[in-house]
Amino acid sequence: METPYKKKTPKKRKWETFPGRNKFYCDGRIMMAKQTGVFYLTLVLILVTCGLFFTFDCWFLAEQLTPIIPVIGAVLFLFVIGTLLRTSFSDPGVLPRATPDEAADLERQIDVANGSTGYRPPPRTKEVVINGQTVKLKYCFTCKIFRPPRASHCSLCDNCVERFDHHCPWVGNCVGKRNYRFFYMFILSLSFLTVFIFAFVITHIILNSQRIGFLSALKDSPVVVCFFSVWSIVGLSGFHTYLISSNQTTNEDIKGSWSSKRSKDNYNPYSYGNIFTNCCAALCGPLPPRWLPSGPLYVCMLVATGFAQLDPRVEKKKKPAAFLLRSQYHTDQKEHLVSFCSFPVPFFRLKTHSHHLLIQFQILPSVLFKV
Amino acid sequence: MAETHSLQDLRHQAAVAAKVFIQRDYTNGTLCQFQTKFPSELETKIDKQQFEETMRTLNNLYAEAEKLGSQSYVEGCLACLTAYTIFLCIETHYEKVLKKIAKYIQEQNDKVYAPRGLLLTDPLERGLRVIEITIFEDRSLTQ
């Protein structure tokens, strides 16, 4: 018997039919919350602050102190951006909603347990004993599942997320089981970066004030953008360090789920007992997979080489240009010209009134591989 | 008399009679473990020993995936140092074990469950929440 010809319909990927309120990019590889405005603000703030620091302070500090300062700053900056993007773009540990069969099966089980009656049954919970502590598992009416322990439903993204910490608008995503370590590394490295920038801007002002007086040095330097953010970010890092060492989520801490104030024998059943193991488990433990698959990823590794040279057309009058740019800023004749060429050879040209400096970058495509 | 079916026949031709859902077992915390209790709907289809053997092996495999050992720590530290870009290049231990699990489920379906008119769904497709066992109608597939 011949099988009838079947028209091949393109199979829809799981993320295309995803019921939650998320946005997907790059064929489902990037997953973010619906409102991402604050995330772009975060990105702009970090880029502007670091841009100002590298433009105005680094030359001076590299000359006066050591050139390692801009290098460390650059490494920290790249780490911050990398972890921020990783936190924002990754799946936090979203639980898929129940299939209709599964939902029907659960409803049947609940009816049997309640003894099906005419009126609406009370909120559904299931009790489970974990390491000696009784934990209530709640039924999620949106996802039609009993939530695993430590999971919570995010009303903004309309998903149940495993080990739900909180929904972070700054990062434009929920923070959950899969991206908590990236989030922690982001705020930790950001605290180091802001403290680093803050300290060296102050150093710059102090060193400058020895030559030209404190007030004019202060006027000269751009307003310390990161002053207020330092305390809030360092505070947040400290709070999350405490949470990691006690193996709690922000959600549990706020609700006081494992607080001894609730009852005398209330304790955290998920804690491994000692701070070290808790930290290792949270940060270096195995990373669970995402259940939303995407196609193969082709990664092209780009190698950028940069070199700076003095433009030979302008005769040299003073010391090498790189370290004198800063001192020109309070003259009227300063001039900064930054121009970009199109790919593949972009270059920067910075011109001051005394000499030209040509910085050229080349981007060489090197490796293309499939992961 | 029990009919023997192949996995392909089941998927394409047989109708679904019922579905059984094996839920997670949370008594040891949030580690991925499934309940090994034998569901009553499968009593006539498969023997208890076989089912429990499958569940036990799956539980052991998941425990191996989530084990906090030196390998996972080294992987985690290396990933942190490279700002997590290393995940683009290498496969994590968890992913390797998940592939092993998928192969095991496929093998169990081919050898044990499909001949009895049953089908195990990989729990990864349900977000590691349930193991879905589909019971197919027991009807003759021969012409």
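Residues numbered from 1 in each chain as written. Chains lettered and ligands numbered in written order. Predicted model: local features only at pLDDT ≥ 70, side-chain atom pairs only at ≥ 80, totals over all residues. Heavy atoms only, no water.

(A) Region of interest: the pattern of salt bridges. As enumerated under the stated definition, the model contains 15 salt bridges over all chains in all. We note a salt bridge from Glu252 of chain A to Arg150 of chain A, for which the minimum N-O separation is 3.0 Å. Within this pair, whereas Glu252 of chain A is found in helix α7 (residues 250-255), its partner Arg150 of chain A is found in the loop between β6 (145-146) and β7 (152-154), the two being separated by 102 residues in sequence. Judged by relative accessible area, which is 7%, Glu252 of chain A ranks as buried. Looking at Arg150 of chain A, the relative accessible area reads 12%, which means it is buried. For the salt bridge of Glu162 of chain A with Lys177 of chain A, the shortest nitrogen-to-oxygen distance reads 3.5 Å. Taken together, the residues Glu162 of chain A in the loop between β8 (159-161) and β9 (166-168) and Lys177 of chain A in the loop between β10 (173-175) and α4 (180-212) connect sequence positions 15 residues apart. Shared partners join several salt bridges into a network, and the residues in it are Asp101 of chain A together with Lys19, Arg126 and Glu132 of chain B. (Salt bridge = Lys/Arg side-chain N within 4 Å of Asp/Glu carboxyl O. Helix = DSSP H or I, 4+ residues; strand = E, 2+ residues; numbered from the N terminus. Buried < 20%, exposed > 50% of the residue type's maximum accessible area, 1.4 Å probe, protein only.)

(B) Representation of the packing of aromatic side chains within the structure. Residue and element names in this part refer to chain A. This structure, assessed with the given rule, holds 13 aromatic pairs over all chains. Plain terms: the ring middles of Trp258 and Tyr270 are 5.7 Å apart, the flat faces sit at 75° to each other, and that makes the pair edge-to-face. Placement of the pair is Trp258 in the loop between α7 and α8 (275-284) and Tyr270 in the loop between α7 and α8, with a sequence separation of twelve residues. According to the relative accessible area criterion, Trp258 is buried, its value standing at 16%. (Phe/Tyr/Trp six-rings, centres within 6.5 Å; stacked < 30°, edge-to-face > 60°.)

(C) Up close: the UniProt feature "domain: Golgin subfamily A member 7/ERF4" (unreviewed entry) in chain B. Per the UniProt record, "domain: Golgin subfamily A member 7/ERF4" (unreviewed entry) is annotated on residues 20-132 of chain B. Its end C-alpha atoms 6 Å apart, residues 20-132 of chain B is made of 45% helix and 8% strand. (UniProt positions renumbered as here; feature names shortened; annotations may be inferred.)

(D) Seen up close, the interface of chain A and chain B. With 40 residues of chain A at the contact, the number on the chain B side is 31 residues. Contact with chain B buries area across many residues of chain A, yet Glu102, Cys284 and Pro286 of chain A alone supply 17% of it, more than any other trio. On inspection of chain A and its partner chain B, the count reaches two salt bridges. A salt bridge links Arg129 of chain B to Glu102 of chain A; the nearest nitrogen and oxygen atoms lie 2.7 Å apart. Between the two partners, chain A and chain B, sit four residue pairs in polar contact (both at pLDDT 80 or more). Of all elements in the fold, only α2 (68-89), α3 (100-114), β4 (125-130), α4 and α8 of chain A reach the threshold of two or more residues within the side of chain A that touches chain B. (Contact = heavy atoms within 4.5 Å. Buried area = accessible area lost by both parts, 1.4 Å probe. Polar contact = N/O pair within 3.5 Å; in protein donor to acceptor, adjacent residues only side chain to side chain.)

(E) Quick look at the state of the cysteines. Residue and element names in this part refer to chain A. According to the stated counting rule, one finds zero disulfides over all chains in the structure shown. Of all cysteine sulfurs in the structure, the one in Cys160 sits closest to Cys140, which takes part in no disulfide; the separation is 3.6 Å. Cys140 gets classed as buried once you look at its relative accessible area, which sits at 1%. No disulfide involves Cys174; its sulfur sits 3.4 Å from the nearest other cysteine sulfur, which is in Cys154. (Disulfide = S-S within 2.5 Å.)

(F) Just a nonpolar patch on the surface, in detail. Together, Val38, Leu41, Leu45 and Trp170 of chain A give the surface a local cluster of nonpolar side chains, amounting to about 360 Å² of exposed area. Positionally, Leu41 of chain A belongs in helix α1 (residues 37-64). (Patch = residues over 30% accessible without salt bridge, like charges linked within 9 Å, V, L, I, M, F, W, Y side chains within 5 Å. Areas by Shrake-Rupley, 256 points an atom, 1.4 Å probe, with all protein chains shown as cover.)

(G) Representation of the nonpolar core within the structure. Counting 45 residues, the largest nonpolar core has Ile46, Phe53 and Phe186 of chain A as the members making the most contacts within it. At the level of secondary structure, the elements contributing two or more residues to this core comprise β2 (30-33), α1, α2, α4, α6 (227-245) and α8 of chain A. Tallying contributions element by element places α4 of chain A first for this core, with 14 residues. Among all residues touching Ile46 of chain A, those that are not within four sequence positions of it are Phe77, Val80, Ile81, Leu84, Phe186 and Leu190 of chain A. In terms of nonpolar packing, the next biggest core, distinct from the first, is built from 27 residues, Ile22, Ile46, Leu118 and Leu128 of chain B among them. (Core = buried A, V, L, I, M, F, W, Y, C linked by side-chain atoms within 4.5 Å.)

(H) Representation of the sheet that holds strand β2 (residues 118-121) of chain B within the structure. Residues and elements named next belong to chain B. An order of β1-β3-β2 is seen for the three strands of this open sheet, with the pairing classed as antiparallel. The two strands at the open ends of the sheet, each matched to only one other strand, are β1 (16-22) and β2. Taking the axes of each pair of neighbouring strands and ignoring which way they run, one obtains an average angle of 20° across the sheet. When β1 meets strand β3 (residues 131-136), the two strands line up antiparallel, connected through six bridges. (Pairing = 2+ DSSP bridges. Axes fitted to C-alpha atoms, helices over the stretch in contact; angles between N-to-C directions.)

(I) Here's a closer look at the pairing of strand β1 (residues 22-25) of chain A. Residues and elements named next belong to chain A. Where burial is concerned, the two faces of β1 differ: the one with Asn22 and Phe24 is buried and the one with Lys23 and Tyr25 is not. Pairing between β1 and β2: four bridges, direction antiparallel. By the bridge assignment, Lys23 is partnered in β2 with Met32. With antiparallel pairing between neighbouring strands as the criterion, β1 and β2 make up a hairpin whose turn holds four residues, including Cys26 at a positive phi of roughly 55°.

(J) Broad picture of α2 of chain A. The end-to-end C-alpha separation of α2 of chain A is 32 Å, in line with the 32 Å expected for 22 residues at 1.5 Å each. Turning to α2 of chain A, its buried residues are Ile69, Pro70, Gly73, Leu76, Phe77, Phe79, Val80, Ile81, Thr83, Leu84, Thr87 and Ser88 of chain A. Packing partners of the buried residues in α2 of chain A comprise β2, α1, β10 and α4 of chain A together with α3 (70-81) of chain B. (Expected span 1.5 Å × (residues − 1).)

(K) Focus on the UniProt feature "transmembrane region" (unreviewed entry) in chain A. This chain's UniProt record puts "transmembrane region" (unreviewed entry) on residues 38-62, 68-85, 182-207 and 222-245 of chain A. Between the end C-alpha atoms of residues 38-62 of chain A there is a gap of 34 Å, over a span that is 100% helix and 0% strand.

(L) Examining the side chain of His166 of chain A more closely. Along the chain, His166 of chain A falls in strand β9. Side chain to side chain, His166 of chain A and Asp165 of chain A meet in a polar contact 2.6 Å long.

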